[in-house]
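Close look at the chain arrangement
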Amino acid sequence: MHHAKLQRYGLNTRIEQEASLHEELVLARISEQHRDIYRVITEEEELHATISGKLRYQAISSTDLPGVGDWAMVERVQERAIIHQILHRRSVIRRKAAGTSQAMQVLAANVDAVFVCMSLDNDFNLRRLERYLSLVYSSMATPVIVLTKADLVDSVDARLAEISAMSPGTDVVACSGLAESGYQSILPHITEGKTVVFLGSSGVGKSTLINRLLGSELLATKEVRKDGKGRHATTHRQLLLLPNGGIVIDTPGMRELQLGYADLSRSFEDIESLSLECKFNDCSHTSEPECGVQEAIRSGDLTPERLQNYKKLHKELGYANLDGRQREQQKIRSMFGSKNELKQITRHLKRNKR
């Protein structure tokens, strides 16, 4: 079957070949998600869709369920569709769901680039940016740092230098969604048939930028609150086709980004490299002699704040895949270095539980 429409939405030969194994179903791309209700784009039409009972039953975790950007095989039933199969993902952006749950959440799938958006005013935060980059590097997509509201600050060059020093080799663009030409700097990163997703905090201007790219006020926008914190304008994830043939996925602003998957070796490549110069293989980079990381801090090549965030994210990832009892034991180990002390505390906890 010829898929002229779906090719505009990023369809390629690999996806077509995989879809041909399911001749009884229809190929579609998931364009919106409202909790358990989806919207899918097929060659013929757009339909609301739900997940089949079998797909939900077979899902080992929530990340095995569909997300915006997924290619799927669906069945048309009356005026809606049923999603039976998710095709192989080229990339997937996933985070730990907000709150205390250990469940994971798919933010977007099959994207070529991730636009990590951060405004240059009150939202500017290098530590948060490190967190986002760690997430993106684990997704198999390419990060692009998009600094918004460049018209509101005078120190754009200084902040660009800070980011370049922290993430060498990563593309960084500064723009303003308010100016008619303020979005032009990101256009080279959104080419025909390529999918990009916008991630960032509430109020950084993601929807404003996408409206500029669309050439219309399709997405709702809100003013930032008086305290500088953003307001949620986008309430769900959705995929949109741009006039230049590019494809964007808009996502709600995130007040917190908890990591379940991350690639710290890429986002903190400088610290990983400096660790090779340490005298001890298990160096904690605190008070050990001949520590390459601490030497870099003394020489000014590395900031203490960056090292502290690196350790924080390592600990967070260590906890992410543990159950409740394992997390409790891990916290005890980090508090008490002696094995004898650890045994005593563990025995005390067991007695109290009885």
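Now for a quick tour of the structure. (Residues numbered from 1 in each chain as written. Predicted model: local features only at pLDDT ≥ 70, side-chain atom pairs only at ≥ 80, totals over all residues. Heavy atoms only, no water.)

**Topic: the overall build of the protein chain**
Broken down by element type, the protein chain carries 12 helices and 13 strands. Relative to its 354 residues, the protein chain shows a buried fraction of 47%. Here the contacts in the protein chain between residues at least 6 apart in sequence split such that 64% fall between residues at least 24 apart. In the structure as shown, the protein chain presents an accessible area of about 18700 Å², 48% of it carried by carbon and sulfur atoms. (Helix = DSSP H or I, 4+ residues; strand = E, 2+ residues; numbered from the N terminus. Buried < 20%, exposed > 50% of the residue type's maximum accessible area, 1.4 Å probe, protein only. Contact = heavy atoms within 4.5 Å. Areas by Shrake-Rupley, 256 points an atom, 1.4 Å probe, with all protein chains shown as cover.)

**What to know about the packing of helix α4 (residues 126-137) against helix α5 (residues 156-166)**
Here α4 crosses α5 at 45°, and the two axes come no closer than 11 Å. The angle between α4 and α5 falls in the class oblique. Considering how the two elements wind past one another, α4 and α5 form a crossing that is right-handed. Of α5, the residues touching α4 (which contributes L126, L129, E130 and L133) are E162, I163 and M166. (Axes fitted to C-alpha atoms, helices over the stretch in contact; angles between N-to-C directions. Parallel < 35°, antiparallel > 145°, perpendicular 65-115°, else oblique. Left-handed = near helix turned anticlockwise from the far one by under 90°.)

**Some details on unusual backbone geometry**
Within the chain, R35 stands out as a residue other than glycine whose phi angle is a positive 55°. With respect to the helices and strands, R35 occurs in the loop between β1 (26-34) and β2 (37-42). For Q78, which is not glycine, the phi torsion reads 55° and is therefore positive. In this structure, Q78 sits in the loop between β4 (71-77) and β5 (80-86).

**Thoughts on empty space enclosed by the protein**
Summed over all chains, the structure comprises one cavity of 30 Å³ or more. Of the voids in this model, the largest cavity is the one considered here, and its volume is about 40 Å³. Contributing to the lining of the largest cavity are V116, C117, M118, D123, R128, L129, Y132, G200 and S201. Within the residue set of the lining of the largest cavity, elements represented by two or more residues are β8 (113-119) and α4. Its residues assigned to classes, the lining of the largest cavity comprises five nonpolar, two polar and two charged. (1 Å grid on protein atoms, 1.4 Å probe; cavity = no way out; pocket = protein on both sides within 12 Å on 5 of 7 lines; lining within 4 Å. Points joined across faces, edges and corners; volume = space filled by probe spheres on them. Nonpolar A, V, L, I, M, F, W, Y, C, P; charged D, E, K, R; others polar.)

**Topic: helix α9 (residues 292-299)**
Within α9, burial applies to G292, V293, Q294, A296 and I297. G300 sits one or two positions beyond α9 and adopts a positive phi of about 90°.

**Some thoughts on the pairing of strand β13 (residues 247-250)**
Side chains I247 and I249 of β13 all project onto a buried face; the interleaved residues V248 and D250 project onto the opposite face, where all are buried too. Here strand β12 (residues 237-241) folds back onto β13, and the loop between the two strands holds five residues, one of which, G245, carries a positive phi near 95°. (Pairing = 2+ DSSP bridges.)

**Some details on the side chain of E32**
Counting through the fold element by element, E32 comes out in strand β1. Of the side chains with opposite charge, R39 comes closest to the buried, unpaired E32, at an N-O distance of 4.8 Å. Filtering out sequence-adjacent residues up to four positions away, E32 remains in contact with I37, Y38, R39, V68, H236, R237 and Q238. (Lys, Arg positive; Asp, Glu negative; His and termini not counted. Salt bridge = Lys/Arg side-chain N within 4 Å of Asp/Glu carboxyl O.)

**With respect to the pairing of strand β6 (residues 92-96)**
Extensive coverage of β6 is indicated by the burial of four of its five residues. The pairing of β6 with strand β7 (residues 104-109) spans five bridges and is classified as antiparallel. Paired with K96 across the strands is M104, a residue of β7.

**Quick word on the side chain of R306**
Positionally, R306 belongs in helix α10 (residues 304-320). Ignoring anything within four residues of it in the chain, the contact list for R306 reads R127, E130, M166, S267, F268, D270 and I271.

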